[in-house]
Amino acid sequence: MTGPSMTPTASQIAAHLDEVRTRIDKAARKGGRTGADVTLIAVSKTHPSEVIKLALAAGQRHFGENRVQEAEAKWAALKAKYPDVVLHLIGGLQTNKVGDALALFDVIHTVDRPKLAEAIARLGGELGVRPPCFIQVNTGEEAQKGGVMPLETDAFVTECRGLLDVAGLMCIPPVDDPPAPHFALLKKFARRNGLAGLSMGMSSDYETAAEMGATHVRVGSAIFGARG
Ligand SMILES: *Cc1c(COP(=O)(O)O)cnc(C)c1O
């Protein structure tokens, strides 16, 4: 493994990506699908452009960042150079940063309140963009975590559908819980709302997520090494 202070090499990044893709495919097959049904989002938050370029060179095109400003600094130039990159916002979004976020990100995974949905719809209209959006569900009902509460999810999905291109649901299970029940709950909510997208699974649990039906897994440290 690569420690926080060491910059990974090109061959390490390529090998990690290969390994993760292979594991996703294996897990997806257990659930009756294949790796082609699961989009691997390489979460590059905190990692510098030099490291991101190694993943780009290895063919990776979907990336995730959690902060708008950090992403702008790293990705404005990279997106110009790699126009086929798809950039996913996976961190909480403040209403006053929606304009900046829409100018850079292609997919938003963290819609969790009416004011945010309205701002994305309004500013998206002004900018002429309508990005696919995931609604974040706080499946563990944690006070400090973003996401709509489970009991409010159906109503919020309905509300968002009038405003946004709702691609699916997203969750981040509590760190100390087994993830599978949270993934199952998210899948149940998606099914009953007729939503195809499931953004779930991180480095520690992406195989479980891929087996259980994730369409998007968000994997950082298993690709780039530990964050410093
Ligand atoms: C950081 C982050 C990830 C990736 O975490 P790893 O454990 O490094 O794979 C995935 N999803 C969200 C929302 C994150 O903030």
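Just above, that's the structure.
This structure is a prediction, so every number in the text was calculated from the model and none was measured.

Draft legend 1. Expanded view of the site of the ligand. The full set of residues close to the ligand is V43, K45, I90, M170, I172, M202, S203, R218, V219, G220, S221 and R227. Interatomic distance of 2.7 Å between a side-chain N/O atom of K45 and an oxygen atom of the ligand. In the model, an oxygen atom of the ligand is placed 2.5 Å from a nitrogen or oxygen of the S203 side chain. For the ligand, the accessible surface in isolation is 390 Å², of which the surrounding protein chains cover 89%. A majority-of-atoms criterion places the ligand in the largest pocket. Its residues assigned to classes, the shell around the ligand comprises six nonpolar, three polar and three charged.

Draft legend 2. Structural view of helix α3 (residues 68-81). Taking 1.5 Å per residue, 14 residues should reach 20 Å; α3 reaches 19 Å between its end C-alpha atoms and fits that length. Approximately 50° is the largest bend angle found in α3, and it occurs at W75. Looking only at α3, the buried set comprises V68, A71, K74, W75, L78 and K79. Looking at the buried positions of α3, the neighbouring elements they touch are α2 (49-57), β2 (62-65), β3 (86-89) and α4 (98-104).

Draft legend 3. The layout of surface pockets, seen in detail. Roughly 290 Å³ of internal volume is contained in the largest pocket. Along its surface, the largest pocket is lined by 21 residues, and K45, I90, I172, M202 and R218 are the ones closest to its centre. Residues belonging to the lining of the largest pocket are distributed by class as follows: seven nonpolar, nine polar and five charged. Within this model, the second largest pocket holds a volume of roughly 220 Å³.

Draft legend 4. The environment of C160, seen in detail. With respect to the helices and strands, C160 occurs in helix α6 (residues 153-161). Expressed as a C-alpha distance, the spacing of C160 and H88, which sit 72 residues apart in the sequence, is 19 Å. Discounting residues that sit within four places of it in the chain, C160 has contacts with V111, A117, I135 and V166.

Draft legend 5. Representation of the nonpolar core within the structure. With 61 residues, the main nonpolar core has F63, W75, L93, V111, I120, L169 and V217 as its most contacted residues. Here this core takes six residues from helix α1 (residues 10-30), the largest share from any one element.

Draft legend 6. Structural detail: the pattern of salt bridges. One pass over the structure, following the stated rule, counts 10 salt bridges. For E65, the salt bridge is made with K74, and the minimal N-O distance between the two is 3.0 Å. Looking at E65, the relative accessible area reads 0%, which means it is buried. Residue K74 is classed as buried on the basis of its relative accessible area of 9%.

Draft legend 7. Region of interest: the state of the cysteines. In the structure shown here, the tally under the stated rule is zero disulfides. A disulfide-free cysteine, C133 has its sulfur positioned 7.9 Å from the sulfur of C160, the nearest such atom. Free cysteine: C171, not disulfide-bonded; nearest cysteine sulfur from C160 at 17 Å.

Draft legend 8. View of α1. For α1, which comprises 21 residues, the first-to-last C-alpha distance of 31 Å matches the rise-based estimate of 30 Å (1.5 Å per residue) to within 8%. Packing partners of the buried residues in α1 comprise β1 (39-43), α2, α8 (206-212), β8 (216-219) and α9 (221-224). Remark: G32 follows α1 within two positions and exhibits a positive phi of approximately 85°.

Draft legend 9. Quick look at the packing of α1 against α2. It is the contact of α1 with α2, at a shortest axis distance of 9 Å, that shows an interaxial angle of 55°. In terms of axis orientation, α1 runs oblique to α2. Handedness of the crossing formed by α1 with α2: right-handed. For the pair formed by α1 and α2, the contact residues are A10, I13 and L17 on the first element and V51, L54 and A55 on the second. A breakdown of the residues in the contact of α1 with α2 according to their chemical character gives six nonpolar, no polar and no charged.

Draft legend 10. Quick peek at the packing of α2 against α3. Interhelical geometry of α2 versus α3 gives an angle of 40° and a closest axis separation of 10 Å. By crossing handedness, the relation of α2 to α3 is classed as right-handed. Residues S49, I52, K53 and L56 of α2 pack against K74, W75 and L78 of α3. Its residues placed into classes, the contact of α2 with α3 shows four nonpolar, one polar and two charged.

What counts as what
- Counting from 1, residues in each chain are numbered in the order their sequence is written.
- Selection of residues for local features in this predicted model requires a pLDDT of at least 70, selection of side-chain atom pairs for listing and counting requires 80 or more, and totals for whole chains, interfaces and linings are taken over all residues.
- The basis for the side-chain values is all heavy atoms of the structure; hydrogens and waters are excluded.
- If a single non-hydrogen atom of a residue is within 4 Å of a molecule or strand, that residue counts as near it.
- Here a polar contact is recorded for every N or O atom pair within 3.5 Å, except that within protein the pair must consist of a potential hydrogen donor and a potential acceptor, and residues adjacent in sequence are included only if both atoms are side-chain atoms.
- Only the protein chains shown count as covering a residue, and every accessible area follows the Shrake-Rupley method with a 1.4 Å probe.
- Computed over the protein atoms alone on a 1 Å grid, cavities are sets of points where a 1.4 Å probe fits but cannot get out and pockets are open sets with protein on both sides within 12 Å along at least five of seven lines; a residue lines them when it has an atom within 4 Å of a point.
- Put plainly, a molecule is in a cavity or pocket when over half of its atoms are within 2 Å of the grid points there.
- Residues are grouped as follows: nonpolar covers Ala, Val, Leu, Ile, Met, Phe, Trp, Tyr, Cys and Pro; charged covers Asp, Glu, Lys and Arg; every other residue, Gly included, is treated as polar.
- In this description a helix means any DSSP run of H or I spanning at least four residues, a strand means any run of E spanning at least two, and both kinds are numbered starting from the N terminus.
- To estimate the expected span of a helix, count its residues, drop one, and scale the result by 1.5 Å.
- What we call the bend at a residue is the angle made by axes fitted to the seven residues finishing there and the seven residues starting there.
- Categorising residues by exposure relies on relative accessible area from a 1.4 Å probe, with only protein chains included: less than 20% of the type maximum marks a residue as buried, more than 50% marks it as exposed, and the intermediate range marks it as partly exposed.
- Only heavy atoms enter the contact rule, under which two residues are in contact if any of them lie within 4.5 Å.
- Grid points are joined across faces, edges and corners, and a volume is the space filled by probe spheres set on the points.
- The nonpolar core is taken to be a set of buried Ala, Val, Leu, Ile, Met, Phe, Trp, Tyr and Cys residues, with the residues joined through side-chain atoms within 4.5 Å.
- Put simply, a salt bridge is a Lys or Arg side-chain nitrogen that is within 4 Å of an Asp or Glu carboxyl oxygen.
- Cysteine sulfur atoms are paired as a disulfide whenever they fall within 2.5 Å.
- Angles run from 0 to 180 degrees between N-to-C directions of axes, and those axes are lines fitted to C-alpha atoms, restricted for helices to the stretch in contact.
- Throughout, the term roughly parallel applies to angles under 35 degrees, roughly antiparallel to angles over 145, roughly perpendicular to angles from 65 to 115, and oblique to all others.
- Rotating anticlockwise by less than a right angle from the far helix to the near helix defines a left-handed crossing, while the corresponding clockwise rotation defines a right-handed one.

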